Number of protein chains: 2
Amino acid sequence: MPKRPTIVDVAKLAGVSKATVARVVNGQHDIVSQETQKRVVDAIDKLGYERNSIAGSLRTDKTFMIALSIPDITNPFWPEVTRGVQDTLETSEYAVVTVNSDWDAARELKYLRMVRRNRFDGLIINPTDASSTYFRDMEVPIVLLGSGNGYAGYDSVGSDTESAVQIALDYLYSLGHRRIALIAGLSARRKNTSRYHSYVAFLARNQLKLDPELVVHGDFSLQAGQDAMRQLLSLPHPPSAVFAANDIIAIGAMQTAAAMNWRIPEQISIIGMDDIYMASTSLPPLTTIAKPKYEIGVEAARLLLARLEYGDDLPIRAVRLPCELVVRGSTAPPAEMTSRL
Amino acid sequence: MPKRPTIVDVAKLAGVSKATVARVVNGQHDIVSQETQKRVVDAIDKLGYERNSIAGSLRTDKTFMIALSIPDITNPFWPEVTRGVQDTLETSEYAVVTVNSDWDAARELKYLRMVRRNRFDGLIINPTDASSTYFRDMEVPIVLLGSGNGYAGYDSVGSDTESAVQIALDYLYSLGHRRIALIAGLSARRKNTSRYHSYVAFLARNQLKLDPELVVHGDFSLQAGQDAMRQLLSLPHPPSAVFAANDIIAIGAMQTAAAMNWRIPEQISIIGMDDIYMASTSLPPLTTIAKPKYEIGVEAARLLLARLEYGDDLPIRAVRLPCELVVRGSTAPPAEMTSRL
DNA sequence: GCCCTGAATGAGAACGTTCTCATTCAGGGC
DNA sequence: GCCCTGAATGAGAACGTTCTCATTCAGGGC
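Residues numbered from 1 in each chain as written. Chains lettered and ligands numbered in written order. Predicted model: local features only at pLDDT ≥ 70, side-chain atom pairs only at ≥ 80, totals over all residues. Heavy atoms only, no water.

(A) Structural view of the nonpolar core. Ile270 of chain A together with Ile270 of chain B are the most contacted members of the largest nonpolar core, which totals 95 residues. For isoleucine 270 of chain A, the residues in contact, after removing those within four places along its chain, are Met229, Val242, Ala250, Ala253, Met254, Ile264, Leu286, Thr287, Ser330 and Thr331 of chain A. Grouped together as the second largest cluster of nonpolar side chains are 46 residues, Leu68 of chain A together with Val96, Ile124 and Leu305 of chain B included. (Core = buried A, V, L, I, M, F, W, Y, C linked by side-chain atoms within 4.5 Å. Buried < 20%, exposed > 50% of the residue type's maximum accessible area, 1.4 Å probe, protein only. Contact = heavy atoms within 4.5 Å.)

See the structure below:
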């Protein structure tokens, strides 16, 4: 395999110094005379020269590589976020290395070390709980995906979950529902507590009584949704509507309802959160709160680009993007409970 | 921001040459005396030295970066393949840059140039039709995702779609179905023609007549599945079962069937292909042919690693992984058509 | 005619590794 | 005591850029 041509080969063929070739390659056209420029370009074409960005990175300490650390690309929430990050960074010539932390602090730490070793220019990360302490030594701009709670000093991008929950619950209320259940995610994690708080606030605002039987906890799985729904529908006085902490739970809940011969939405309304692709393909299609997934990715990339350009001159920003109610087929006004077959 | 320590700083502190530090850092412990080794390790710890892999890459011409080019990470088929690639390459210390070609040859070409410029060590790609000619100048090992037809000279990993289609159709036949429709993908693309051929072969093998009305073409979208199903169910003599070219089409078909008040699977059986996550969350859950997505990614990464290690000494390999029938709730023996409500 | 200015270009160090040779030196054989 | 061997270590070039200064030189002002 013949060696690839370098800037020196081009310089020799064009009869100029490598400094001049570098000027042409890096687009400082104004500084090089027309005539010289042409000679250089011709030589480049003739040799098929391509700039070696590794060598450039060594000199400039800039790699144009960014790491994106997410829990799992296989989880339907993340591909769109990833796509938003990729599309935005690519237009500025950055390449994105996506890694999956699997919510595992040890894996995450391994990737943080990779970021340092490979001299990546920046990091966008949905952090595990443990990572805060490691960030200190990163020496590289970091943008957080998520609330950013517990990570002072970094830009962050998240969605406005609190008001989104209010929108969902208000919608169910406006349909006439008064007995509304909550299937929350794992109570140990902060964001779910926030959903619970929003739920309590909603009840208070509408003078509704909090019925502990209507609040079920579980993780974010299909199974959790199925189990929770079985529990709710077995109550002596079941809810007429269910708000699930995410779409996967909601779809699990719908499966159980269908299996127990409850008709959705005639006998029970269900509303989810996230608006993953599946939400539109379930039967019935799921009413849900759409999180701006792609935009979250775009915005995170923008914050990082700004930080890369201006460094610490910029104030820390915490961007909260609005969510949106998407009404599909899983919600309707409540029916008389007695009409159940 | 203080400059990061280099191998020279370590050498100075440990009182040895940088060659010796390099030997320790690169794990050639046997060559360095115990005593010297300890001094070097202590110095590394004290300074917090971390090897600069950019500088190493310049010298060794090895970047430990791999590019993975897929159509779109947002398409539910690809995240699992991606995960398989990432998990496998990471254990060999490679980082993976995932890019989305969007089936666009110009985008793809842009990424191929990036691979060259950044001196990536290898490429795993699901190629657009146009790319064959560009591969010549890549000077880097390439593994193809897909059939590899039309790209002689490269390793490839795909699934055995032909026999998978036979398995699906045989299953429907074994349930008693004799009037089986095919919703094919775009006929312009080779792999769908292959599905059509398998369908025709199945009919011939079982002495069934080919009814052109039972073959509908479309693209791979939900919409296409919906339209095709409407067409099929409006026939004077509708099919009792439908084989869809992928799960998205199948789910679209189920939605239309439900909207037209056909009961699945009692009145119409539907079978898909791919086994994306959604297939298990639809109502009813979709019977489908599971493609080994994660394994495809793993195998592609393995082929690439082998090629990176042994170069042209290895023969070209075309791996075909078996598919598997996953029976869920969308298929059943055919009912009397007259029992339709 | 001389000097000054600024445009155009070149020389060469530097980035932080790796890797080839060269050098040092202890210990054993005679 | 001398030589040889091999283990341990060091010197310094090289990878291909970028970038700072230095140099060249044409043209204009006086």
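The discussion continues.
(B) Highlighting the protein's contact with DNA strand C. Near DNA strand C you find 27 residues, and of these Ser17, Thr20 and Thr36 of chain A together with Ile7 and Arg59 of chain B are the closest. Backbone sugar and phosphate groups make up 60% of those atoms of DNA strand C lying within 4 Å of the protein. Residue tyrosine 49 of chain B places a side-chain N or O atom 2.9 Å away from a phosphate oxygen belonging to DNA strand C. Alanine 55 of chain B places a main-chain nitrogen or oxygen 3.4 Å from a base nitrogen of DNA strand C. If you list the elements that add at least two residues to the surface near DNA strand C, you get helix H2 (18–25) and helix H4 (53–60) of chain A together with helix H2 (18–25) and helix H4 (53–60) of chain B. Per element, the largest residue contribution to the surface near DNA strand C is four residues, and it comes from H2 of chain A. Taken together, the residues of the surface near DNA strand C sort by class into ten nonpolar, nine polar and eight charged. (Near = heavy atom within 4 Å. Polar contact = N/O pair within 3.5 Å; in protein donor to acceptor, adjacent residues only side chain to side chain. Helix = DSSP H or I, 4+ residues; strand = E, 2+ residues; numbered from the N terminus. Nonpolar A, V, L, I, M, F, W, Y, C, P; charged D, E, K, R; others polar.)

(C) How the structure looks around the protein's contact with DNA strand D. Taken together, 27 residues lie around DNA strand D, and Ile7 and Arg59 of chain A together with Ser17, Thr20 and Thr36 of chain B are the ones closest in. For DNA strand D, the backbone portion of the atoms within 4 Å of the protein, that is sugar and phosphate, comes to 62%. Serine 33 of chain B places a polar main-chain atom, nitrogen or oxygen, 2.9 Å from a phosphate oxygen of DNA strand D. Within the side chain of threonine 36 of chain B, an N or O atom sits 2.3 Å from a phosphate oxygen of DNA strand D. Per-element accounting of the surface near DNA strand D gives the leading share, four residues, to H2 of chain B. Tallied by class, residues from the surface near DNA strand D come to ten nonpolar, nine polar and eight charged.

(D) How the structure looks around the packing of helix H9 (residues 222–233) of chain B against helix H10 (residues 247–259) of chain B. All names here are of chain B. At their nearest, the axes of H9 and H10 sit 7 Å apart, and the two run at 50° to each other. Considering their axes alone, H9 and H10 lie oblique with respect to each other. Both H9 and H10 take part in a crossing whose hand is right-handed. Across the interface between the two elements, Leu222, Gly225, Gln226, Met229, Arg230 and Leu233 from H9 touch Ile248, Ile249, Ile251, Gly252, Ala253, Gln255, Thr256 and Ala257 from H10. Within the contact of H9 with H10, the residues separate by chemical class into eight nonpolar, five polar and one charged. (Axes fitted to C-alpha atoms, helices over the stretch in contact; angles between N-to-C directions. Parallel < 35°, antiparallel > 145°, perpendicular 65-115°, else oblique. Left-handed = near helix turned anticlockwise from the far one by under 90°.)

(E) Highlighting the domain arrangement of chain A. In terms of domain boundaries, chain A breaks down into domain 1 (7–51), domain 2 (61–159 + 293–322) and domain 3 (161–291 + 326–339). For domain 1 of chain A versus domain 2 of chain A, the separation of C-alpha centres amounts to 37 Å. (Domains from an automatic or database assignment.)

(F) Broad picture of the sheet that holds strand E9 (residues 269–274) of chain B. Residue and element names in this part refer to chain B. Spatially, six strands are ordered E7-E6-E8-E9-E10-E12 in an open sheet, and the strand pairing comes out mixed. The open sheet has two free edges, formed respectively by strand E7 (215–217) and strand E12 (324–326), since each of these has just one partner strand. Within this sheet the neighbouring strands show an average axis-to-axis angle of 20°, counted without direction. Here strand E6 (residues 180–184) pairs with strand E8 (residues 241–244) via four bridges, running parallel. Each bridged residue has a counterpart across the sheet, and for isoleucine 180 the counterpart in E8 is alanine 241. Each of E6, E8, E9, strand E10 (287–290) and E12 is contacted by helix H7 (residues 161–174), which is oriented at about 165° to E9, the strand it contacts most. (Pairing = 2+ DSSP bridges.)

(G) Quick look at the environment of arginine 136 of chain A. Residues and elements named next belong to chain A. Along the polypeptide, arginine 136 turns up in the loop between helix H7 (132–135) and strand E4 (142–145). With a relative accessible area of 57%, arginine 136 lands in the exposed category. Each residue touching arginine 136, except ones within four places of it in the same chain, is listed here: Ala152 and Tyr154.

(H) Main features of the interface of chain A and chain B. In this assembly, 52 residues from chain A lie in contact with 53 residues from chain B. Sorting the residues of chain A by area buried against chain B places Arg4, Arg119 and Leu283 of chain A first, and these three jointly supply 15% of that buried surface. Between chain A and chain B we count twelve salt bridges in total. Measuring nitrogen to oxygen at the nearest pair gives 3.7 Å for the salt bridge that ties glutamate 90 of chain A to arginine 107 of chain B. (Buried area = accessible area lost by both parts, 1.4 Å probe. Salt bridge = Lys/Arg side-chain N within 4 Å of Asp/Glu carboxyl O.)

(I) Looking closely at the packing of aromatic side chains. All names here are of chain B. Per the counting criterion, the structure on display carries ten aromatic pairs over all chains. Arranged with centres 5.7 Å apart and planes meeting at 35°, the rings of phenylalanine 135 and tyrosine 151 form a pair that is tilted. Of this pair, phenylalanine 135 sits in the loop between strand E3 (122–125) and strand E4 (142–145) while tyrosine 151 sits in the loop between E4 and strand E5 (155–159), and the two are 16 residues apart along the sequence. Of the two residues examined, phenylalanine 135 and tyrosine 151, each falls in the buried class. (Phe/Tyr/Trp six-rings, centres within 6.5 Å; stacked < 30°, edge-to-face > 60°.)

(J) Region of the structure containing the relation of the copies chain A and chain B. Mapping chain A onto chain B calls for a screw motion: a turn of 180° about the axis and a shift of 0.0 Å along it, with 0.1 Å RMSD after fitting. In symmetry terms, the pair is related by a two-fold rotation axis. When the interface residues of chain A are mapped onto chain B, 100% of them are again interface residues, pointing to one common binding face. (Least-squares fit on C-alpha atoms with pLDDT ≥ 70 in both.)

(K) Structural detail: the confidence of the model for chain A. Per-residue pLDDT for chain A averages 90, and the proportion of residues at 70 or more is 94%. Note that residues 337–341 of chain A has pLDDT below 50 and, in this model, seven contacts with residues that lie over four places away or in other chains. (pLDDT = per-residue confidence, 0-100.)

(L) Representation of the side chain of serine 269 of chain A. Residue and element names in this part refer to chain A. Along the chain, the position of serine 269 falls in strand E9 (residues 269–274). On the basis of relative accessible area, serine 269 is assigned to the buried category, the value being 0%. At 2.9 Å, the side chain of serine 269 forms a polar contact with the backbone nitrogen of alanine 332. Ignoring anything within four residues of it in the chain, the contact list for serine 269 reads Leu172, His177, Ser240, Ala241, Val242, Ser330, Thr331 and Ala332.

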